[in-house]
Amino acid sequence: MAAHLSYGRVNLNVLREAVRRELREFLDKCAGSKAIVWDEYLTGPFGLIAQYSLLKEHEVEKMFTLKGSRLPAADVKNIIFFVRPRLELMDIIAENVLSEDRRGPARDFHILFVPRRSLLCEQRLKDLGVLGSFIHREEYSLDLIPFDGDLLSMESEGAFKECYLESDQTSLYHAAKGLMTLQALYGTIPQIFGKGECARQVANMMIRMKREFTGSQNSIFPVFDNLLLLDRNVDLLTPLATQLTYEGLIDEIYGIQNSFVKLPPEKFASKKQGDSGKDLPTEAKKLQLNSAEELYAEIRDKNFNAVGSVLSKKAKVISAAFEERHNAKTVGEIKQFVSQLPHMQAARGSLANHTSIAELIKDVTTSEDFFDKLTVEQEFMSGIDTDKVNSYIEDCIAQKHPLIKVLRLVCLQSVCNSGLKQKVLDYYKREILQTYGFEHILTLHNLEKAGLLKPQTGGRNNYPTIRKTLRLWMDDVNEQNPTDISYVYSGYAPLSVRLAQLLSRPGWRSIEEVLRILPGPHFEERQPLPTGLQKKRQPGENRITLIFFLGGVTFAEIAALRFLSQLEDGGTEYVVATTKLMNGASWIESLMEKPF
C-alpha cells in the first residue's frame, strides 16, 4: 500500500489497487518467464503504480528499453512490449521482431498498448509483416495515475498541443474514460460544471458513455459532490508566470518528473567528501517528492520566502530531540529513546536534503536576473506597460538568453494585453527570428494558433476587466501566513483557481460577464443518482470537488487549491486531476517545432 495516497478524504489507493490488479491479470496470461521491453516514456508513470518487486512476483526476469535492431539476449519464454500507440514505435518493434534469431529457442511475443489499442498501429505492424507474431494484443487503460493523496495525472505530454492545435480529441476521450473509471470506483458524481470547449466535449463523452452502460446501475455511495472541468486555454496566463512556491520553484529550476527530481550532487556530499576535495559524487542526486515525507508535505505549498523559517524551527526541534539522550537515565527511558531513533534519523536526513535544496533555489532566486524577470512579470500581471515593447525582453533577446525564457515573457505580455498591437508583435517576431534562427517561425505560428502570442483584435484589452472582477492582483500579500491564494505567485491569484473558488461560493452567476469574455462555453450538468444514494451532508462537513485541468496544471495552482481546501470556513476540499503536470517552460517546449 502507498500510505500517502490514503491520507485525504478520498482514498486513491483504491484506484492504484484497481490498476495494479489489471496489470497482474495481463502478466498472468503470458505463462512462463518474461522480459518486458519498455517504451521509455512509460517507465516513470508505471513506477508510481508498480515497483519491480510486483513484476518479479509474476515471473518478469528482464527489462529492456525499446530501441532499434536486435533485442538483447534473454533466456525467457515471453517478450512483452509495453508501448504507447505511436506509429514510430511500431517500426522499432517490427525491427526487433524481424531480427529475432530463428536458430535459438522460439519466444512468444505480446504487445500491451497504454492506454488504448490503435487500429492504425496494428495496421502498421501488419504492413511490416509482424502482426501475426503477437499472441496477445491488448490495451492497458492506465488513464489517471495517482501521484499523491489529492492528485491524479494522465501524464499525456502532447495533450495541450493535440487539443488546441491539431483538433485531435484522443486525450479528451482518455480523460472521459478515466473519469468513468473513477465513477465506477467512487460513485457517480452528481454535478458537473465546466468552462471551455474541451470541457464541454469531455462532459458530452461522459454522458454518452453513461447512456451506453445503462444496464449496470452504479450502487456505490458517491464520494465526490462536484466535478469541475476546466480548459487550459481559459487561463493561459497562470503557467507563463514563474511559480513562487517551494515545489513550484523546484519544478521551474530542476523539473519534477513523475514525482522525482534530479539535483546537482555537490550540495549533497557528506562533509568528509567535501573537505577532501576528491571523490565528489558526479551522478545527479535523485529524490522522490511526495507527501509521504512529513517535512515536504509541510513546506511544499508554502511561498519560498516562508520556507527558511520552517526549516530553522525544525532544525531546533530535531537537535533538542537528539539531546534528550543525555537525560535518559533508566533502562525504560533509554529503550524509549532507541525506539524513536529511526524516525528521528529519517527526519534529520529529510531536513538535510531540504536545506540543501533550499540553498540551491536561493542561489537562483537571489540573482539579479531572476529579480529583473520577476519584476517584469509582475508589472505585466498588474497591468503596467503591457502595450509597448519591453526593454528587458529586448535585452534578453540581444544577449541571446534561452529562447523559452523569451517566449514565455512575450506570451505573458500578449495574454495580459489581450494580444499585442500589430507593430509590437511584428517587432518581437522579427527580433526573435533574426537572433535565434528562422526555423522558429513554425514555433511562433504554433504559439499564435494556441492564443498565446497574437495580435490584438477589435483594439480592446479585456484583461483589466477580468483582473478587477476576479481580483487577480493583490497588492499586500502575506507570504508567511497567507490569507489569499495570491501568495503562490506573490501577488497574482491564479485565474483558474479563482474560478473554482467563486464556483464554490457564491456561484458563477456572480461573474457572468467575465465568463462571457473568457473563451468557450460554461455549463452545468446533473447526473441523477438512484434513490438511497443521495448524499445528506452533516453540518460542518465539506463538499469534495474533483477539478480536472484539460491541457495541464502547475504545482502553484495545486498549492492554491490545497490552501482553499484547508481554510476553516472554505466549505470545499479539492482533488486535482490533469492531463499533465507542467510548468511554463515544459509547456512552451511542447509547442515548439523541432527544427529538422
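Our structure's up above, just so we're on the same page.
Residues numbered from 1 in each chain as written. Predicted model: local features only at pLDDT ≥ 70, side-chain atom pairs only at ≥ 80, totals over all residues. Heavy atoms only, no water.

(A) Representation of the overall build of the chain. A count of helical and extended segments in the chain gives 23 helices and 15 strands. Expected size for 596 residues packed as a compact globule is a radius of gyration near 25 Å; at 26 Å, the chain falls within 12% of this value. Projected onto its principal axes, the C-alpha coordinates of the chain cover approximately 75 × 70 × 65 Å. Out of the 596 residues belonging to the chain, those deemed buried represent 53%. (Helix = DSSP H or I, 4+ residues; strand = E, 2+ residues; numbered from the N terminus. Rg over C-alpha atoms; globule rule 2.2 N^0.38 Å. Buried < 20%, exposed > 50% of the residue type's maximum accessible area, 1.4 Å probe, protein only.)

(B) Region of interest: the environment of Asp148. With respect to the element layout, Asp148 can be found in strand E6 (residues 145-148). For Asp148, a relative accessible area of 1% translates into the label buried. Taking the C-alpha atoms as reference, Asp148 lies 8.6 Å from Ala292; in sequence the two are 144 residues apart. Setting aside its immediate chain neighbours within four residues, Asp148 contacts His4, Leu5, Tyr7, Leu12, Asn290, Ser291, Arg300 and Arg562. (Contact = heavy atoms within 4.5 Å.)

(C) The arrangement of the environment of Cys121 in detail. On the secondary structure map, Cys121 appears in helix H5 (residues 119-127). A sequence separation of 291 residues divides Cys121 from Leu412, and the C-alpha atoms of the two residues are 39 Å apart. For Cys121, the contacting residues outside a window of four places in its chain are Pro85, Arg86, Leu87, Met90 and Phe113.

(D) Highlighting the packing of aromatic side chains. All told, the structure shown has 15 aromatic pairs when counted by the stated rule. Ring geometry for Phe81 versus Phe109: centroids 6.1 Å apart, planes at 20°, classification stacked. Pair noted here: Phe81 is in strand E3 (residues 78-83) and Phe109 is in strand E4 (residues 108-113), with a separation of 28 residues, a long-range link. Pair check on accessibility: Phe81 and Phe109 agree, each one buried. (Phe/Tyr/Trp six-rings, centres within 6.5 Å; stacked < 30°, edge-to-face > 60°.)

(E) Quick look at empty space enclosed by the protein. Tallying each qualifying case throughout the model produces one cavity of 30 Å³ or more. Considered as a void within the structure, the largest cavity measures approximately 70 Å³ in volume. If you trace the largest cavity, you find it lined by Phe147, Asp148, Leu151, Glu247, Ile256, Ser259, Leu289, Asn290, Arg300, Phe555 and Leu581. (1 Å grid on protein atoms, 1.4 Å probe; cavity = no way out; pocket = protein on both sides within 12 Å on 5 of 7 lines; lining within 4 Å. Points joined across faces, edges and corners; volume = space filled by probe spheres on them.)

(F) Up close: the packing of helix H7 (residues 170-186) against helix H8 (residues 197-212). Look at H7 against H8: their axes get within 9 Å of each other, and the N-to-C directions meet at 50°. If you check the angle between H7 and H8, you find them oblique. The chirality of how H7 crosses H8 is right-handed. Taking contact as the criterion, the partners of Leu172, Tyr173, Ala176, Lys177, Leu179, Met180 and Gln183 in H7 are, on H8, Cys198, Gln201, Val202, Met205, Met206, Met209 and Lys210. Split into classes, the residues belonging to the contact of H7 with H8 amount to 10 nonpolar, two polar and two charged. (Axes fitted to C-alpha atoms, helices over the stretch in contact; angles between N-to-C directions. Parallel < 35°, antiparallel > 145°, perpendicular 65-115°, else oblique. Left-handed = near helix turned anticlockwise from the far one by under 90°. Nonpolar A, V, L, I, M, F, W, Y, C, P; charged D, E, K, R; others polar.)

(G) Structural context of the packing of helix H16 (residues 403-415) against helix H23 (residues 584-591). Two elements in contact, H16 and H23, have axes separated by 10 Å at closest approach and are oriented at 95°. Between H16 and H23, the angle is such that the two are roughly perpendicular. Listed contacts from H23 to Ile404, Leu407, Arg408 and Cys411 of H16 are Gly584, Ala585, Ile588 and Glu589. The class makeup of the residues in the contact of H16 with H23 is five nonpolar, one polar and two charged.

(H) Spatial organisation of a negative patch on the surface. Taken together, Glu25, Asp28, Glu59, Glu61 and Asp75 make up a surface patch of like negative charges. Along the chain, the position of Glu25 falls in helix H1 (residues 13-29). (Patch = residues over 30% accessible without salt bridge, like charges linked within 9 Å, V, L, I, M, F, W, Y side chains within 5 Å. Areas by Shrake-Rupley, 256 points an atom, 1.4 Å probe, with all protein chains shown as cover. Salt bridge = Lys/Arg side-chain N within 4 Å of Asp/Glu carboxyl O. Lys, Arg positive; Asp, Glu negative; His and termini not counted. Charge placed at Lys NZ, Arg CZ, Asp CG, Glu CD.)

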